[in-house]
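Per-entry structural report
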Amino acid sequence: MQKILVSIMNYNLILKKTTSVIALVISIILFIFYSCEQEPNDLGLNFLPGDDTLGTKVLNSETDTIEITNSSFLQYINTYSSYFSLVGKFQNYESKLLLKFKDITSNYDSCSVLSATLNLTYNNYYFQDSLGITSFDIHPLTDTVTFNTITFDKFNNSYIGSDLLGTYTGTLTDTITINIPFDTSTVRKWLWKAANSNYPYVNYGMILNPNSSSTTIKGFYSNLILTDSIKPYIKAIVQKGTKIDTIVLNSSESVTLSNVTNIIIPQDRFILNTGISYRSILKFDLTKLPQKVTINDAYLEFKLDGPNSFIKNKSDSRIAFSRITDTTGSVQTDGILFFTSKKDSVTYTIRLQYIFQKWNMGAPNLGVLLNYVYDYQGIDKYTFYSQSIFDNTKRPLLILRYTPR
């Protein structure tokens, strides 16, 4: 009996110690969470759930009159990585194509070239007239151009040689392949140079330059396409001695240089124009938002003006947002991208808690940069309604939910 009483007493003692330890742990946890709530640092903010609405407040750009301003600007980009090779003119838009064949076979020194054609396959991409006339002249480049960095504003027209290597005028439909008679002496020089590095000739490439007859911009498959039959290629009949061969040159690099002059942005709108490219900046007046609060949600919704847009490349319609860190020269961002979703065919949505929290904790509020996720593909135009539009159902809507400290 005595042993039983001792066991019971020991058990009660252990239970009391365990209870004390549990109580101590709970007190420490409560103190930590209380401290985070009262004085949130960057770490504490990360652990405050965005869907926790306890004690939160809401600001709405419509009901609370938060000003959202916009501006659009031209920033030329390099399109070396594009699957579209564009050439042509449409109204005040223009696209030039630089093309260079490389890895030329070295087996045809001292050969003659009996005939040659440049073969391009239309990929059914156009801006904006599908039935317009495609017309361009082909000239040699006379100086070095770095294809993977060149932009429209850095290209010097003095690099365009006077010799005419070929010309084309026609209406492109479906996925037709056009065969353009090409200057045989130029192909011969390529072959002789490949066979003899001392041959006095440099292949700088060529330019497909739209002329005044062009009424549309059309897209051809670029050199990045894996299928040889639809990527750009030169087909030539070559004679060396008494032997006549048909050779195909299909290793190349290309870049499109696009530009638009006197662009017209409809009133109460902002635009994104890929390939050139026009980008936009959105700025938010956050004077009504208290400093150093916890941003639980930063929801932005904005709408596409379909009739004033032209979107041919519909495989991915996301818009990228990034926080602007410098505007003293070209617009610079922190490099962290956030992407939109689509609520319906015209409504884009995005959540930007990270950016708004950065601003609220003291980072300079210089706005956000908007550009199409594949800015170098094609020449599509996205037109969005701005806050100044009379119809408030089309205005950008910002909803901020935050927890005061």
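Residues numbered from 1 in each chain as written. Predicted model: local features only at pLDDT ≥ 70, side-chain atom pairs only at ≥ 80, totals over all residues. Heavy atoms only, no water.

**Looking at the overall build of the protein chain**
Secondary structure assignment for the protein chain yields four helices and 24 strands. By the burial criterion, 46% of the 405 residues in the protein chain qualify as buried. Carbon and sulfur atoms provide 53% of the accessible area of the protein chain, an area that totals close to 20,500 Å². (Helix = DSSP H or I, 4+ residues; strand = E, 2+ residues; numbered from the N terminus. Buried < 20%, exposed > 50% of the residue type's maximum accessible area, 1.4 Å probe, protein only. Areas by Shrake-Rupley, 256 points an atom, 1.4 Å probe, with all protein chains shown as cover.)

**Focus: the pattern of salt bridges**
Applying the stated criterion across every chain, the model contains eleven salt bridges. Where Lys240 meets Asp109, a salt bridge forms, and the shortest distance between an N and an O atom there is 3.0 Å. Residue Lys240 is found in strand S11 (residues 233-240), and its partner Asp109 is found in the loop between strand S4 (93-101) and strand S5 (112-127); the two are separated by 131 residues along the sequence. By relative accessible area, Lys240 is classed as partly exposed at 34%. The partly exposed category is assigned to Asp109, whose relative accessible area is 35%. (Salt bridge = Lys/Arg side-chain N within 4 Å of Asp/Glu carboxyl O.)

**Quick word on the confidence of the model for the protein chain**
Low-confidence regions, as indicated by low pLDDT, have predicted coordinates that should not be scrutinised in detail. This prediction gives the protein chain a mean pLDDT of 89; 87% of its residues lie at or above 70. Confidence over residues 21-48 falls short of pLDDT 50; this stretch has 13 contacts with residues more than four positions distant or in other chains. (pLDDT = per-residue confidence, 0-100. Contact = heavy atoms within 4.5 Å.)

**Quick look at the nonpolar core**
Grouped together as the largest cluster of nonpolar side chains are 48 residues, with contacts concentrated most on Leu118, Phe136, Phe182, Trp190 and Met206. Not counting chain neighbours up to four residues away, the residues in contact with Phe136 comprise Val87, Leu120, Thr167, Tyr168, Ile178, Ile180, Leu208, Asn209, Pro210, Asn211 and Phe220. Listed in part, the 34 residues of the second largest apolar core include Ile295, Ile319, Ile350 and Ala363. (Core = buried A, V, L, I, M, F, W, Y, C linked by side-chain atoms within 4.5 Å.)

**Concerning the pairing of strand S6 (residues 134-140)**
Among the seven residues in S6, six count as buried, and that is most of the element. Here five bridges tie S6 to strand S7 (residues 166-170), and the two strands are oriented antiparallel to one another. Each residue of the ladder has a partner; that of Ile138, found in S7, is Gly166. Bridge count between S6 and strand S9 (residues 206-210): five bridges; the pairing is antiparallel. When the sheet's bridge partners are listed, Pro140 is paired in S9 with Met206. (Pairing = 2+ DSSP bridges.)

**Structural notes on the environment of Ile104**
On the secondary structure map, Ile104 appears in the loop between S4 and S5. Its relative accessible area of 17% is what places Ile104 among the buried residues. Distance from Ile104 to Lys193, taken between C-alpha atoms, is 8.8 Å for residues 89 residues apart in sequence. Dropping the residues within four chain positions of it, Ile104 is found in contact with Trp190, Leu191, Ala194 and Leu249.

**With respect to the side chain of Asp245**
Mapped onto the secondary structure, Asp245 falls in strand S12 (residues 243-249). Of the buried charged residues, Asp245 lacks a salt bridge, with Lys243 as the closest side chain of opposite charge at 4.0 Å. A polar contact is formed between the side chain of Asp245 and the side chain of Tyr108, at a distance of 2.8 Å. With near-sequence residues (within four places) excluded, Asp245 lies in contact with Tyr108, Ala236, Ile237 and Val238. (Lys, Arg positive; Asp, Glu negative; His and termini not counted. Polar contact = N/O pair within 3.5 Å; in protein donor to acceptor, adjacent residues only side chain to side chain.)

**Observations concerning helix H3 (residues 184-195)**
The end-to-end C-alpha distance of H3, which contains twelve residues, comes to 17 Å, matching closely the 16 Å that a straight helix rising 1.5 Å per residue would cover. When we look at burial in H3, the residues that qualify are Thr186, Val187, Trp190 and Leu191. Down the axis, H3 shows its buried residues gathered within 140° of arc, on one side only. For H3, the secondary structure elements touched by its buried residues are S4, S5, S9, S11 and S12. (Expected span 1.5 Å × (residues − 1). Arc of directions from axis to C-beta.)

**Details of unusual backbone geometry**
Put simply, Phe127 and Gln128 share a cis peptide bond, and its omega is -15°. Following the sequence through the fold, Gln128 ends up in the loop between S5 and S6. With an omega dihedral of 5°, the bond running from Ile276 to Ser277 counts as a cis peptide bond. Relative to the elements of secondary structure, Ser277 occurs in the loop between strand S14 (269-273) and strand S15 (278-284). If you check the backbone angles, Asp103 has positive phi at about 50° while not being a glycine.

**What about the sheet that holds strand S1 (residues 57-60)?**
In space, the five strands of this open sheet follow the order S1-S24-S16-S21-S20, with antiparallel pairing throughout. Each having just a single partner strand, S1 and strand S20 (341-342) make up the two edges of the open sheet. Here strand S16 (residues 294-303) runs beside strand S24 (residues 397-403); their pairing, made up of seven bridges, is antiparallel. Its bridge partner lying in S24, Glu301 is registered against Leu397. Against the sheet, helix H4 (residues 353-360) makes contact with S16, strand S21 (347-351) and S24, and its axis sits at roughly 125° relative to S16, the strand it touches most. (Axes fitted to C-alpha atoms, helices over the stretch in contact; angles between N-to-C directions.)

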